[in-house]
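Okay, here's what each chain looks like letter by letter:
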Amino acid sequence: MVYGDLTNKEISYLQDALEMENLCLTKYSVYADQCQDDELKDILFNISKNKRQHANELKQLMRHQH
Amino acid sequence: MGASKNQLSDRDMLLDLLMTEKYMSQMYNTALMEATNSDVIDSFDEMQHDEHENARLLYNSMHDRGWYNAKQIEKPVGQQQSALYSYQANSSYAVTSGAKNFGNRLGNRRNSAMSSSTRRYEGSSTNTGLQ
């Protein structure tokens, strides 16, 4: 992968963040599924969508630097 | 909450997510302070802001259900004030007051020096200093 003008630190933070966001996405989805409270289910599901956005944005940042 | 043995309770799930959001927020803070690319900085900034909002949602959900009781500070009863409320601004800790006293002390010393040997300092350029 070519990261262009990003610094080593930025690349490593982007990778760490992507890993964390993906873990979060999984957690929020699993917990939303297992949750007993319907209101909480909605809240967790909505946040999981936010996590997916973050993961996509981080991937874009790494892809678009040439 | 009624969770089975191998499942987290709703409360434990929220607590776990809240801890995770705290960690994420700190991670983004460090990352954006050390980044140089403005696109990267903007993204980290927005994501950190989202984590704040997520954490707020999680906290409020826990608080509404009585799962997270942040203790309020004890209010003073009547005249009796708690030690925390009895603190007042003390001029000895204020930097400006300290500087003023320091200046006065210098001034006093100079004045006494002036009065003891006025003639020596008269018209001297060393007198046109601070104060």
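Our structure is the block above this text.
Residues numbered from 1 in each chain as written. Chains lettered and ligands numbered in written order. Predicted model: local features only at pLDDT ≥ 70, side-chain atom pairs only at ≥ 80, totals over all residues. Heavy atoms only, no water.

### Quick look at the overall build of chain A
Phase 1 of the analysis: A count of helices and strands for chain A gives 2 helices and 0 strands.
Phase 2 of the analysis: Counting the 66 residues in chain A, one finds 45% classified as buried.
Phase 3 of the analysis: Within chain A, contacts between residues separated by at least 24 positions form 61% of all contacts whose residues are at least 6 apart in sequence.
Phase 4 of the analysis: Total accessible area on chain A is roughly 3,800 Å²; 49% of this is exposed by carbon and sulfur atoms. (Helix = DSSP H or I, 4+ residues; strand = E, 2+ residues; numbered from the N terminus. Buried < 20%, exposed > 50% of the residue type's maximum accessible area, 1.4 Å probe, protein only. Contact = heavy atoms within 4.5 Å. Areas by Shrake-Rupley, 256 points an atom, 1.4 Å probe, with all protein chains shown as cover.)

### Things to note about the interface of chain A and chain B
Phase 1 of the analysis: The interface is formed by 31 residues belonging to chain A together with 35 residues belonging to chain B.
Phase 2 of the analysis: In this assembly, chain A packs against chain B so that about 2,800 Å² is buried in total across both faces, 60% of it on carbon and sulfur atoms.
Phase 3 of the analysis: Summed over the three residues of chain A that lose the most area to chain B, namely E10, Y13 and Y31 of chain A, the buried surface amounts to 20% of that side.
Phase 4 of the analysis: On inspection of chain A and its partner chain B, the count reaches 6 salt bridges. (Buried area = accessible area lost by both parts, 1.4 Å probe. Salt bridge = Lys/Arg side-chain N within 4 Å of Asp/Glu carboxyl O.)

### Things to note about the pattern of salt bridges
Phase 1 of the analysis: All told, the structure shown has 8 salt bridges over all chains when counted by the stated rule.
Phase 2 of the analysis: The shortest N-O distance in the salt bridge between D16 of chain B and K27 of chain A comes to 3.0 Å. Of this pair, D16 of chain B sits in helix α1 (residues 10-34) while K27 of chain A sits in helix α1 (residues 8-34), on two different chains.
Phase 3 of the analysis: Of the residues examined, D16 of chain B reaches a relative accessible area of 23% and is grouped as partly exposed.
Phase 4 of the analysis: Of the charged contacts, one joins K51 of chain A and E21 of chain B as a salt bridge, the two residues approaching to 3.3 Å between their closest N and O atoms. Taken together, the residues span two chains, with K51 of chain A in helix α2 (residues 38-63) and E21 of chain B in helix α1.

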